[in-house]
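# A look at the structure
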Amino acid sequence: MHPRSLLLGLLCLFNLSASLAAAPSPEPGTEVYAARRAKLMAMLPKGAMAVLNAGPEIDSNSIYRPDSSFWYLTGMPEAQTVALLLPDVPVGQRYTLFTQAKNWEKEQWTGYRIGQTQAKTRYGADIALVNDEFSKQMLEHMRDASSLWLYDGGDAKFREQVLANWNKRASNSITSLPVYNLAPTIAEMRLIKDPTEIALLRHAVDLSLKAHYAALPLAQAGAGEWGMRAAMIGTCLAGASARMAYSPIVGSGVNSVVLHYDAANQVLQPGAMIVNDTACEYGMYAADVTRSYPVGGKFSAEQKAIYDIVLAAQNAGYAKAVPGARMHEIFDATVDVIVDGLLKLGILKGNKAEIIAERRYRSFYPHGSSHWIGLDVHDAGSYEVARVPVDAAPHLRNYAPAQAQLRAGMAFTIEPGIYIPADAKDVDPKWWNIGIRIEDDYLVNAKNVECLSCSLPRAIPELERLMRKH
Ligand code: GLY
Ligand code: MN
Ligand code: MN
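Residues numbered from 1 in each chain as written. Chains lettered and ligands numbered in written order. Predicted model: local features only at pLDDT ≥ 70, side-chain atom pairs only at ≥ 80, totals over all residues. Heavy atoms only, no water.

## Section: the overall build of the protein chain
So the rule is basically this: Strands here are runs of E lasting at least two residues and helices are runs of H or I lasting at least four, both read from the DSSP assignment and numbered beginning at the N terminus. We compute the radius of gyration over the C-alpha atoms and compare it with the globule rule, which gives 2.2 Å times the number of residues raised to the power 0.38. The contact criterion used throughout is that any non-hydrogen atoms of two residues lie within 4.5 Å.
The number of helices and strands found in the protein chain is 14 helices and 16 strands. Its C-alpha atoms give the protein chain a radius of gyration of 25 Å, within 12% of the compact-globule value 23 Å for 470 residues. Counting only C-alpha atoms, the protein chain reaches 75 × 65 × 40 Å along its principal axes. The contacts of the protein chain with a sequence gap of at least 6 include a subset with a gap of at least 24, amounting to 70%.

## Focus on the packing of aromatic side chains
Two aromatic rings, taken as a pair, are described by how far apart their centres are and by the angle between their planes. Defined as follows: Stacked, tilted and edge-to-face are the three classes assigned to paired rings of Phe, Tyr and Trp, where Trp is represented by its six-membered ring and a pair needs centres within 6.5 Å; plane angles under 30 degrees give stacked, over 60 edge-to-face, the rest tilted. Here the term buried applies to any residue with accessible area under 20% of the maximum for its type, exposed to any over 50%, and partly exposed to those in between, with areas from a 1.4 Å probe on protein chains only.
Taken as a whole, this structure holds 12 aromatic pairs when the rule is applied. Ring geometry for Phe 98 against Phe 134: centres 5.3 Å apart, planes inclined by 85 degrees, an arrangement best described as edge-to-face. Of this pair, Phe 98 sits in strand β3 (residues 95–99) while Phe 134 sits in helix α6 (residues 134–141), placing them 36 residues apart in sequence. On the basis of relative accessibility, which here comes to 2%, the residue Phe 134 falls in the buried class. A centroid spacing of 5.6 Å and a plane angle of 20 degrees characterise the contact between Phe 412 and Tyr 442, whose relative ring orientation is stacked. Of this pair, Phe 412 sits in strand β12 (residues 411–414) while Tyr 442 sits in strand β15 (residues 440–444), and the two are 30 residues apart along the sequence.

## Describing the state of the cysteines
The following threshold applies: For the purposes of this analysis, a disulfide is any pair of cysteine sulfur atoms at a distance within 2.5 Å.
This model, assessed by the stated rule, comprises 2 disulfides. One disulfide bridge connects Cys 236 with Cys 280, the sulfur atoms lying 2.1 Å from each other. Between Cys 236 and Cys 280 the sulfur-sulfur dihedral comes to about -70 degrees; the bridge is accordingly left-handed. Separated by 44 residues along the polypeptide, Cys 236 in helix α10 (residues 225–238) and Cys 280 in the loop between β8 (273–277) and β9 (281–282) bring together distant segments of the chain.

## Side note on the coordination of the manganese ion (ligand 2)
This is how the line gets drawn: Metal donors were taken as nitrogen, oxygen and sulfur atoms no farther than 2.8 Å from the ion, or 3.2 Å where the ion is Na, K or Ca. Water is excluded, so coordination may look unfinished.
Within the protein, the manganese ion (ligand 2) binds to Asp 288 (OD), His 371 (NE2), Glu 415 (OE) and Glu 439 (OE); these donor distances fall in the range 2.0 to 2.2 Å. Counting along the primary sequence, the residues that act as donors to the manganese ion (ligand 2) give the motif D-x82-H-x43-E-x23-E.

## Describing the sheet that holds β8
Let me state the cut-off plainly: By definition, two strands form a pair when at least two bridges between them are found by DSSP. For every element, the axis is a line fit to its C-alpha atoms; helices are fit only across the contacting stretch, and the angle between N-to-C directions ranges from 0 to 180 degrees.
The strand order β7-β8-β11 describes an open sheet built from 3 strands, whose pairing is antiparallel. In this open sheet, the two edge strands, each paired with only one partner strand, are β7 (249–252) and β11 (290–294). Put simply, the sheet's adjacent strands are angled 10 degrees from each other on average, direction ignored. The strands touched by α10 within the sheet are β7, β8 and β11, with β7 carrying the most contacts at an inclination of about 160 degrees.

## Focus: the environment of Leu 443
Looking at the element boundaries, Leu 443 is found in strand β15. On the basis of relative accessible area, Leu 443 is assigned to the buried category, the value being 2%. As for Leu 443 and Asp 155, which are separated by 288 residues in sequence, their C-alpha atoms are 32 Å apart. In contact with Leu 443, not counting residues within four places along its chain, are Ile 198, Arg 202, Gly 409, Met 410, Ala 411, Asn 448, Val 449, Glu 450 and Leu 452.

## Examining the coordination of the manganese ion (ligand 3)
Under perfect tetrahedral coordination by four donors, a metal shows angles of 109.5 degrees; under perfect octahedral coordination by six donors, it shows angles of 90 or 180 degrees. We count it as follows: Any coordination sphere not matching a tetrahedral pattern (four donors, all angles between 85 and 135 degrees) or a square planar or octahedral pattern (four or six donors, opposite donors over 155 degrees apart, other angles between 65 and 115) is reported as irregular.
Protein-derived ligands of the manganese ion (ligand 3) are Asp 277 (OD), Asp 277 (OD), Asp 288 (OD) and Glu 439 (OE), with the metal-ligand distances lying across 2.1 to 2.3 Å. One can describe the donor arrangement at the manganese ion (ligand 3) as irregular, given that its 6 donor atoms subtend angles of 57 to 169 degrees at the metal. Mapped onto the sequence, the donors of the manganese ion (ligand 3) take the spacing D-x10-D-x150-E. In this structure, the manganese ion (ligand 3) lies 3.3 Å away from the manganese ion (ligand 2), the two metals sharing Asp 288 as a donor. Taken together, the positions of Asp 277 in strand β8 and Asp 288 in the loop between β10 (285–286) and β11 put the pair 11 residues apart, joining distant regions of the chain. Just as Asp 277 is buried, Asp 288 falls in that class too.

## Remarks on the nonpolar core
This is how the line gets drawn: The term nonpolar core refers to a set of buried residues drawn from Ala, Val, Leu, Ile, Met, Phe, Trp, Tyr and Cys, joined through side-chain atoms within 4.5 Å.
Core analysis: the biggest nonpolar cluster contains 99 residues, and Leu 52 and Tyr 293 have the highest contact counts within it. With 9 residues, the single largest contributor to this core is helix α9 (residues 195–215). The residues contacting Leu 52, other than those within four sequence positions of it, are Phe 70, Leu 73, Thr 81, Val 82, Ala 83, Leu 85, Tyr 151, Leu 182 and Ile 186.

## A word on the site of ligand 1
For the record, the criterion: Think of it this way: one heavy atom of a residue within 4 Å of a molecule or strand is enough to make that residue near it. Here a polar contact means two N or O atoms within 3.5 Å. Within protein one must be a hydrogen donor candidate and the other an acceptor candidate, and residues neighboring in sequence count only if both atoms are side-chain atoms. The Shrake-Rupley method, run with a 1.4 Å probe sphere, supplies the accessible areas, and residue values consider only the shown protein chains as cover. When residue character is reported, Ala, Val, Leu, Ile, Met, Phe, Trp, Tyr, Cys and Pro are called nonpolar, Asp, Glu, Lys and Arg charged, and the others, Gly included, polar.
In the region of ligand 1, the neighbouring residues are Tyr 246, His 260, Asp 277, Asp 288, His 371, His 378, Glu 415 and Glu 439. One of the side-chain N or O atoms of His 371 is found 3.1 Å from an oxygen atom in ligand 1. The side chain of Glu 439 places a nitrogen or oxygen atom 3.2 Å from an oxygen atom of ligand 1. Out of a free accessible area of 190 Å², ligand 1 has 92% covered by protein chains. By residue class, the composition of the shell around ligand 1 is 1 nonpolar, 3 polar and 4 charged.

## What to know about the pattern of salt bridges
Using the following cut-off: For this document, the term salt bridge refers to a Lys or Arg side-chain nitrogen within 4 Å of an Asp or Glu carboxyl oxygen.
According to the stated counting rule, one finds 19 salt bridges in the structure shown. Between Glu 27 and Arg 122 there is a salt bridge, and its shortest N-O distance comes to 2.8 Å. Separated by 95 residues along the polypeptide, Glu 27 in the loop between α1 (3–21) and α2 (30–43) and Arg 122 in the loop between α5 (115–121) and β4 (127–130) bring together distant segments of the chain. Judged by its relative accessible area of 46%, Glu 27 is partly exposed. Accessibility expressed as a relative area gives 39% for Arg 122, which makes it partly exposed. The closest approach of N and O atoms between Lys 136 and Glu 133, which form a salt bridge, is 3.9 Å. Lys 136 sits in the exposed class, given a relative accessible area of 52%. We classify Glu 133 as partly exposed; its relative accessible area is 29%. Ionic contacts of the salt-bridge type, sharing partners, join the residues Arg 65, Arg 190, Lys 193, Arg 243, Glu 281, Asp 376 and Asp 379 into one network.

## Description of the side chain of Gln 303
Residue position: Gln 303 is located in helix α11 (residues 301–320). Other than its neighbours up to four places away in sequence, Gln 303 contacts Gly 271, Ala 272, Met 273, Pro 294, Lys 298, Ile 434 and Ile 436.

What follows is the structure in structure tokens.
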């Protein structure tokens, strides 16, 4: 055996044993979810009744992914589950879970059901009932309720049923009995990650970096986009990811300028630019990481010129990202650097202030710089005013764009990009088919903003060295 194949073999063995040793995706303890429910209940007005729905099983051919907001408050991994929260009843009766009935004949085909016993022992319900019981229970409890807070899990049929129940009471009442959508309140809670979430997010990021390292040596002429994609999916799943954080984007050449290209079915052409936007989900938390580099690992002068602008834009965005900064300041900083850079290269022409005012940079930088990450890759939470009290009147809300201020526990991306398609008007063909995005994940701490993914090289010399090494 050639010594190099032996070495590769040993490395594979090592990787395999490392992945076998990976812990299964953890289940945070019931106290974590109980604390979140307690926090939510404390925010609700007196006499509130909250109903939350996990939503239906959408597609029996794929693995069920629990609804993120329902999961956030319950940790319940089963569809067709309903939670009832009654903040004003005595402790020990406030949390009822309605779950599918145990039924071995059905479970033998589709898997074990949690059932009512485990709903209490493993998921912390005070009371556990079969989901058929929900309507009857709701009708009973709502007699004492003065407002309904509904999270419908995107299930229109469920929403209609609950509202029909509630309206029976409301139509007989002399006082007004409002219904509120609970989703924005949960979304604002999800904006600030607790220590359990931060640990899972860090793990999702670390695993995603491993996936990127696995892809780098495969970016060789004649290989396929699919090989890189497969290696990254393999790395995530071997690390106990249940799934990818989103459909991987491995776009080379003409596909590097398509923001959400996910076919990964093209052969890698020598020197073509690749945008690799891929990340794992871990314990339900999504990372979101992009690196861009050319097939074969050697940047051309044009690729380097564009890359350096995008990298400088990301650094400028990060420089603005301090606790208390407003979201739009990050975006504005990336725009400033990108417009300067493209003017200098003659790709944009004209007056800088006008280009920014007319948003003409959007021909090459058509997306935002940042979004929240968490249970969803584009996570819940407003970008406007970070904390809207649940009872805030609409006129108290400020809809100025991206005014949310960075506060400890928030997690977000900074991901500027420049994409120059073939036939771009008035652009020298030497720039065509260069798409570059650099995306990292950040966590706001008390005193600083930490980059979680920046240990994966971004500077060209480091990237080139890394690709050469393979
Ligand atoms: N991966 C999707 C995004 O970057 O927002
Ligand atoms: Mn992103
Ligand atoms: Mn991304």
